[in-house]
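Now for the letters of each chain:
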Amino acid sequence: MAQAHSPFVHPGGMPHLPLHPVRVAKINYALFDYIINGLIFSPANAVAVRWIVRTLFARRRHITVALRPDIQYHPDIPTLRLDVHCKKGPVSASSALRPVVIFVFGGGWASGNKLIYGPLGHSLAEAGYVAVIPNYRLFPNGFVADMLDDVACAVNWTAENIREFGGDPTQIHLMGHSAGAHLCALAAVHAAVGRLQQEKVLSSSMPFTLPPLKRPMHPVQGVVLLSGVFDIKMHFDFEAYRGVEEVSAMARVMGSTPRGFDSASPSVLLRAIREQGGPAAAAAARRHLPRFWLVVHGDADDTVPRQEGEDMYRALAEDASVPGATFKLFPGVNHSTPVVGACAAEAWNVLRASASTGPLHFIATSM
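Caption draft 1: The arrangement of the overall build of the chain in detail. Summing up its helical and strand segments, the chain has 11 helices and 10 strands in all. Taking all 367 residues of the chain together, the buried fraction comes to 54%. In the chain, the proportion of contacts linking residues at least 24 apart, taken out of those at least 6 apart, comes to 75%. Total accessible area computed for the chain in this model is approximately 16200 Å², and 59% of it derives from carbon and sulfur atoms.

The following block contains the structure:
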């Protein structure tokens, strides 16, 4: 089933694709769809042009956002850097601290760069937040355990340093899109499972071996998941249906085995908590999971089926009984629109949250 067992895959390299006409047609269709809808007619183009024009022609005194680029955040890898988007001007002891959003971009676990999401960081900072956007290791230089370590390091760096940029270290939220949403969800759920095992609420011998973590992750208050992948086996089957499972990096990133797929699936892990430990384990998990979750998906997403978002929400609300879990399904919305909408300040009311005001809100006003 997985790529490691495929006769068309060279270990560590690109696959040799079978020249079956149906597979060739599917791959060509997926590539054509990506070029037309993902590049040429992508709504991201309009957002980028609008943001560039606005930035170039804004009067200097009207610029309220500062960019602090290329800050090393990983203690062991100097080349891993992040950007901070924050309010312009000095931060004093009397300054009101802002909630923090750490955005983890998508790209099939194999592509992407923080520079692409400058408009998102700018929009979040304009809306009253401090935005942190890290680069992380991508396949083939990184696998799922490496990526989780990078997310943990980004969160830990933020907790230790964000105050000097005007951010509140007690109000840190993770937000991710597509593969980035998967990493955000897996990092938060994996940390909770690890703590339950330390407390002996769960056995250390889960039905599958979790990706190893090199360090604990500082707790976060909330998680926003946009068009995410949450069940790797389900998504592998969907990739096979589309004919792209051999060119996708996902199976190799996750370990190329059914057990590896399960251990890297946050919705499967949440179900395993209740199945292995019963209601008592689910109740204990709520102490270690982030308080607020928002799962966002579009019903026109043909890259990641809406079922993955629905199943993730059910795992949070039913298996883990997280009271602050919300699911938003938007009609006519495709895979990229949620993050493109987040880049456009006029399209979203972004992340109204604090310890005193209650749940994390990420509600589209014009989708």
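Caption draft 2: The nonpolar core, seen in detail. Within the largest apolar cluster, 94 residues are counted, with the highest numbers of intra-cluster contacts made by Val-84, Leu-174, Leu-225 and Trp-293. The leading source of residues in this core is helix H5 (residues 179-198), at 12 residues. Leave out the neighbours within four places in its chain, and Leu-174 touches Ile-102, Val-104, Val-151, Val-155, Cys-184, Met-217, Val-220, Gly-222, Val-223 and Val-224.

Caption draft 3: Quick look at the layout of surface pockets. The space that makes up the second largest pocket amounts to roughly 220 Å³. In terms of lining residues, the second largest pocket is bounded by 13 residues, among which Ala-191, Gly-194, Gln-198, Leu-213 and Pro-216 are the most central. By residue class, the composition of the lining of the second largest pocket is seven nonpolar, three polar and three charged.

Caption draft 4: Broad picture of the packing of helix H4 (residues 144-161) against H5. Closest axis-to-axis distance for the H4/H5 pair is 10 Å, and the angle between their directions is 80 degrees. Looking at the two axes, H4 sits roughly perpendicular to H5. Of the residues in H5, those in contact with Val-144, Met-147, Leu-148 and Val-151 of H4 are His-182, Leu-183, Leu-186, Ala-187 and His-190. Looking at the contact of H4 with H5 residue by residue, the class counts come to seven nonpolar, two polar and no charged.

Caption draft 5: Broad picture of the sheet that holds strand S2 (residues 81-87). Taking strand neighbours across the sheet as the criterion, the eight strands line up as S1-S2-S4-S3-S5-S6-S7-S8 in an open arrangement whose pairing is mixed. Of all the strands in the sheet, the pair left with one neighbour each is strand S1 (65-72) and strand S8 (324-330). The sheet shows a mean angle of 20 degrees between the axes of neighbouring strands, taken without regard to direction. Here strand S6 (residues 222-226) runs beside strand S7 (residues 292-298); their pairing, made up of five bridges, is parallel. Of the residues in S7, the one forming a bridge with Val-224 is Leu-294. Against the sheet, helix H3 (residues 118-126) makes contact with S1, S2, strand S3 (98-104), strand S4 (130-134) and strand S5 (167-177), and its axis sits at roughly 35 degrees relative to S2, the strand it touches most. Contacting S1, S2, S3, S4 and S5, H4 runs over the sheet at an angle of about 155 degrees to S5.

Caption draft 6: Quick peek at the pairing of S8. Sheet topology places S7 next to S8; seven bridges connect them, and they run parallel. Pairing of Val-295 across the sheet is with Phe-327, part of S8. Handedness of the crossover joining S7 and S8 through helix H10 (residues 306-319) is recorded here as right-handed.

Caption draft 7: Quick peek at H5. Compared with the 28 Å implied by 1.5 Å per residue over 20 residues, the 28 Å span of H5 between its first and last C-alpha is a close match. Summarising burial for H5: 17 of the 20 residues are buried, a large majority.

Caption draft 8: Representation of the side chain of Glu-239 within the structure. In this structure, Glu-239 sits in helix H6 (residues 232-242). Those residues in contact with Glu-239, other than ones at most four positions away along the chain, are Val-244, Glu-245, Ser-248 and Met-250.

Caption draft 9: Spatial organisation of the pattern of salt bridges. Inspection of the entire model under this criterion finds 12 salt bridges. Across the pair Lys-114 and Asp-83 runs a salt bridge whose closest N-O atoms are separated by 2.9 Å. With a gap of 31 residues between them, Lys-114 in the loop between S3 and H3 and Asp-83 in strand S2 connect regions that are remote in the sequence. The class of Asp-83 is buried, set by a relative accessible area of 4%.

Calculation rules
Residues numbered from 1 in each chain as written. Predicted model: local features only at pLDDT ≥ 70, side-chain atom pairs only at ≥ 80, totals over all residues. Heavy atoms only, no water. Helix = DSSP H or I, 4+ residues; strand = E, 2+ residues; numbered from the N terminus. Buried < 20%, exposed > 50% of the residue type's maximum accessible area, 1.4 Å probe, protein only. Contact = heavy atoms within 4.5 Å. Areas by Shrake-Rupley, 256 points an atom, 1.4 Å probe, with all protein chains shown as cover. Core = buried A, V, L, I, M, F, W, Y, C linked by side-chain atoms within 4.5 Å. 1 Å grid on protein atoms, 1.4 Å probe; cavity = no way out; pocket = protein on both sides within 12 Å on 5 of 7 lines; lining within 4 Å. Points joined across faces, edges and corners; volume = space filled by probe spheres on them. Nonpolar A, V, L, I, M, F, W, Y, C, P; charged D, E, K, R; others polar. Axes fitted to C-alpha atoms, helices over the stretch in contact; angles between N-to-C directions. Parallel < 35°, antiparallel > 145°, perpendicular 65-115°, else oblique. Pairing = 2+ DSSP bridges. Right-handed = clockwise from strand over helix to strand, strands pointing away. Expected span 1.5 Å × (residues − 1). Salt bridge = Lys/Arg side-chain N within 4 Å of Asp/Glu carboxyl O.

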